[in-house]
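Chain residues, written in single-letter form:
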Amino acid sequence: MTADHPEVSLVVPCHNEAENLSALYERVLAVMDQTGKSWEMICVNDGSKDDTLDRLLALHRNDPRVVVIDLSRNFGKEAALTAGLDHARGDCAIPLDADLQDPPELIPELLAKWREGYNVVNAVRLSRKGESWLKRASAHAFYRFINRMSEIPIPEDTGDFRLLSRPVLEALRKLPERRRFMKGLFAWVGFRTTDVYYHRDPRLSGTTTWNYWKLWNFAIEGITSFSKVPLQLAAHLGLIVSGLAFLYAIYLIIGTLVYGNPVKGYPSMMVTLLFLGGVQLIALGVIGEYLGRIYEETKGRPVYLVRSASENSQHPSRDQHDQK
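Given the structure is predicted, the values throughout are model-derived calculations rather than measurements.

Applying the stated rule across the entire model yields one aromatic pair. Relative to Tyr198, the ring of Phe161 lies with its centre 5.7 Å away and its plane at 90 degrees, an arrangement referred to as edge-to-face. With Phe161 in strand 6 (residues 158–165) and Tyr198 in strand 7 (residues 193–200), this pair connects stretches of sequence that are 37 residues apart. The exposure class of Phe161 is buried, given its relative accessible area of 1%. Here Tyr198 falls in the buried class, since its relative accessible area comes to 5%. If you follow Arg73 out to its NZ or CZ, it ends over the ring of Phe75, 3.9 Å from the centre. Looking at Arg192, its charged tip hangs above the ring of Tyr118, at a distance of 4.2 Å from the centre.

Pasting the structure below:
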């Protein structure tokens, strides 16, 4: 392979990761030198407020294989990951977290499975060091919950760390949605898939920007992107409540005919009204989540905007690709 066409593209979304970049580069360099394959490391600066961009540019000046994509603002990890994959020029791409929770030392094992003919090699977490029991439990529950609701099986205990072959990358570029749940999209495109297993390390330094509110929104994004079950549940719940309300109405009519109509029942009336109102608000909320995503898609805005890119990157951006 020539320098213009690396065999392996490492894709690293970066948001305020300045403290981790030197260690990340050193470990990637050591691992990739062992593999003997040509490579590039595409680092996407996702609106960092520290000196992440300056350190990335310094790495690029010292080693042109470090490609820097600077987004115009913070678009979120899913968009930053999309930008990196769009600009990947290798025969395969490996998304990698900048905080070194996903060890670069696993890359040779991913490449070995790729050489066996697999298009997707998932890195499945056996443990998650440095995380609270609540975070581990919620992540464990999320993957199993969404798989019960989704028509497409999403690998459990698997993050973005995996190998994607060139056919998979080209398939991902054809997907037009703006609200992107990448773990689901990786599974949706299909192709021949296998797994490798590892123990996830704690962050090398710094603190994560994720909190439980963001994780909740992330879970909603995944569910609404790959499942219509909430809408079906809302419809079924409405049907059940309507049936119960109809039966209760018959009961009231019969009671009035038999026993008369004394002025009673205020508590039961209020309970019924509040219950029906709550069901309606829940159903409207579920519909609103889907409607909001339809609204976002119809605007047709690009997933990300690139402010600048190092000269190594010649791949068209997603907004340019969509206009072809």
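Further remarks concern the nonpolar core. In terms of nonpolar packing, the biggest core is built from 35 residues, with Leu24, Met41 and Ile94 touching the most fellow members. A total of seven residues in this core trace back to one element, the largest contributor, which is helix 1 (residues 21–35). If sequence neighbours within four positions are ignored, Leu24 has contacts with Val12, Met41, Leu96, Asp97, Ala98 and Leu100.

Basis of the calculations
- Residues numbered from 1 in each chain as written.
- Predicted model: local features only at pLDDT ≥ 70, side-chain atom pairs only at ≥ 80, totals over all residues.
- Heavy atoms only, no water.
- Phe/Tyr/Trp six-rings, centres within 6.5 Å; stacked < 30°, edge-to-face > 60°.
- Helix = DSSP H or I, 4+ residues; strand = E, 2+ residues; numbered from the N terminus.
- Buried < 20%, exposed > 50% of the residue type's maximum accessible area, 1.4 Å probe, protein only.
- Lys NZ or Arg CZ within 6 Å of the ring centre and 35° of its normal.
- Core = buried A, V, L, I, M, F, W, Y, C linked by side-chain atoms within 4.5 Å.
- Contact = heavy atoms within 4.5 Å.

All we've got here are geometric facts, nothing functional implied.
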